[in-house]
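Spelled out from the first residue to the last, the chains are:
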Amino acid sequence: MTQSPDQTISRCLRAYQRFIETTTFHPNILRCLFVNAYNHFLSGKNLAKGGLITQSYNCLRMGLESEWLGLILMKDPRLGMQWAFGLGDEADLKQLKELEKPYVIRKALEDTPRITAKDRDDIYAALSDKSHTILSSVARLFILPNAHVSDGSIDCIPMGDIRGKDNIARILRGTGTVLMFALAEIEDGLGQRLMEEEWT
């Protein structure tokens, strides 16, 4: 039986929570990066359910950034300690400063059999397209039912949200895809099994 986008998101969030609760982080403070990612993903879900696509996708993008930094630092506990406690020499501090840039984080992660740097760039670009302050993130083409496309008009996304069952479902599908991608990153990066199905 096919799950609804809302069911997929809830299942992914439960898996993410289990990962946080059952994983040993070294240093332990790195757990906070994954808790931060979870909170962004949860916020993204709540905003998506309210039809706030721009705000939802911004949260999802920030969640991925936090997770990606966490994965990098978990693979290098020495650098993780320096990130957490400000220790290290000038080269370490420079490397950590570079890791504040999202494109550097995406490039620093190794390709896996399922996820490449291009995949990360693509999902990040898709989220950025809807979450940065550009026309496509603040306005939409509105066409009344049974009207011709030429009768449509471009207007602001309504205050409060975008309504409509189909609109909410579309936003939730995107949210579910990002959460499945985030879990696949953890599976591949840390060698843990979190999802019932394969990410493809």
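Before reading further, recall that the structure is shown in the block above.
Residues numbered from 1 in each chain as written. Predicted model: local features only at pLDDT ≥ 70, side-chain atom pairs only at ≥ 80, totals over all residues. Heavy atoms only, no water.

1. Things to note about the packing of helix 1 (residues 5-22) against helix 2 (residues 31-49)
Just so we agree on the cut-off: Axes, fitted as lines to C-alpha atoms, cover a helix only where it is in contact. Angles between the N-to-C directions of the axes lie from 0 to 180 degrees. The helix count covers DSSP runs of H or I at least four residues long, the strand count covers runs of E at least two residues long, and both are numbered beginning at the N terminus. When an angle is under 35 degrees it counts as roughly parallel; over 145 it counts as roughly antiparallel; between 65 and 115 it counts as roughly perpendicular; any other value is oblique. Here a crossing is called left-handed whenever its near helix is offset anticlockwise from the far helix by less than a right angle, and right-handed whenever the offset is clockwise. The contact criterion used throughout is that any non-hydrogen atoms of two residues lie within 4.5 Å.
Between helix 1 and helix 2, the shortest axis-to-axis distance is 10 Å and the interhelical angle comes to 165°. Our classification of the angle between helix 1 and helix 2 gives roughly antiparallel. Our pair here, helix 1 against helix 2, has a crossing hand that is left-handed. Residues D6, I9, S10, L13, Y16, Q17, F19 and I20 of helix 1 pack against R31, F34, V35, A37, Y38, F41, L42, K45 and K49 of helix 2.

2. Examining the environment of S56
Relative to the elements of secondary structure, S56 occurs in helix 3 (residues 53-75). A sequence separation of 62 residues divides S56 from K118, and the C-alpha atoms of the two residues are 23 Å apart. Not counting residues within four places of it along the chain, the set of residues in contact with S56 comprises G44, L47, A48 and T175.

3. Observations regarding the packing of aromatic side chains
Each pair of aromatic rings is reported with the distance of its centres and the angle of its planes. The test is simple: Note on aromatic contacts: the rings of Phe and Tyr and the six-membered ring of Trp form a pair at centre separations within 6.5 Å, being stacked when their planes are under 30 degrees apart, edge-to-face when over 60 apart, and tilted otherwise. Burial here depends on accessible area, computed with a 1.4 Å probe over protein chains only, as a share of the maximum for the residue type. Under 20% is buried, over 50% is exposed, and the range in between is partly exposed.
By the definition in use, this model includes seven aromatic pairs. With a centroid separation of 6.4 Å and an interplanar angle of 35°, the aromatic rings of Y16 and Y38 are classed as tilted. Of this pair, Y16 sits in helix 1 while Y38 sits in helix 2; the two residues are 22 residues apart in sequence, bridging distant segments of the chain. When its relative accessible area of 1% is taken as the criterion, Y16 is described as buried. The class of Y38 is buried, set by a relative accessible area of 16%. Grouped by ring-pair contacts, the aromatic residues Y16, F19, F25, F34, Y38 and F41 constitute a single cluster.

4. Looking at the side chain of T112
Inclusion rule: For this analysis, a polar contact is any N or O atom pair within 3.5 Å, provided that within protein one partner can donate a hydrogen and the other can accept it, and provided that sequence-adjacent residues contribute only side-chain to side-chain pairs.
Counting through the fold element by element, T112 comes out in the loop between helix 6 (102-108) and helix 7 (117-131). Take T112: its relative accessible area is 17%, and that puts it in the buried class. Only 2.7 Å separates the side chain of T112 from the side chain of D188, close enough to count as a polar contact.

5. Some thoughts on the environment of Q55
Summarising the element assignment, Q55 is placed in helix 3. When its relative accessible area of 40% is taken as the criterion, Q55 is described as partly exposed. Taking the C-alpha atoms as reference points, Q55 and G44, eleven residues apart in sequence, are found 7.3 Å from one another.

6. Remarks on helix 2
Filter applied, for reference: Here the expected length of a helix is defined as 1.5 Å per residue gap, with one fewer gap than residues.
The end-to-end C-alpha separation of helix 2 is 27 Å, in line with the 27 Å expected for 19 residues at 1.5 Å each. Remark: G51 follows helix 2 within two positions and exhibits a positive phi of approximately 80°.

7. So, the pattern of salt bridges
Put simply, the rule is: Criterion for a salt bridge: a side-chain nitrogen of Lys or Arg within 4 Å of a carboxyl oxygen of Asp or Glu.
Throughout the structure, instances matching the rule amount to twelve salt bridges. We note a salt bridge from R106 to D121, for which the minimum N-O separation is 2.7 Å. Residue R106 is located in helix 6, and its partner D121 is located in helix 7; the two are separated by 15 residues in the primary sequence. Between D122 and K118 there is a salt bridge, and its shortest N-O distance comes to 2.8 Å. Of this pair, D122 and K118 both sit in helix 7, four residues apart, which is roughly one turn of that helix. Among the residues examined, D122 registers a relative accessible area of 41% and is labelled partly exposed.

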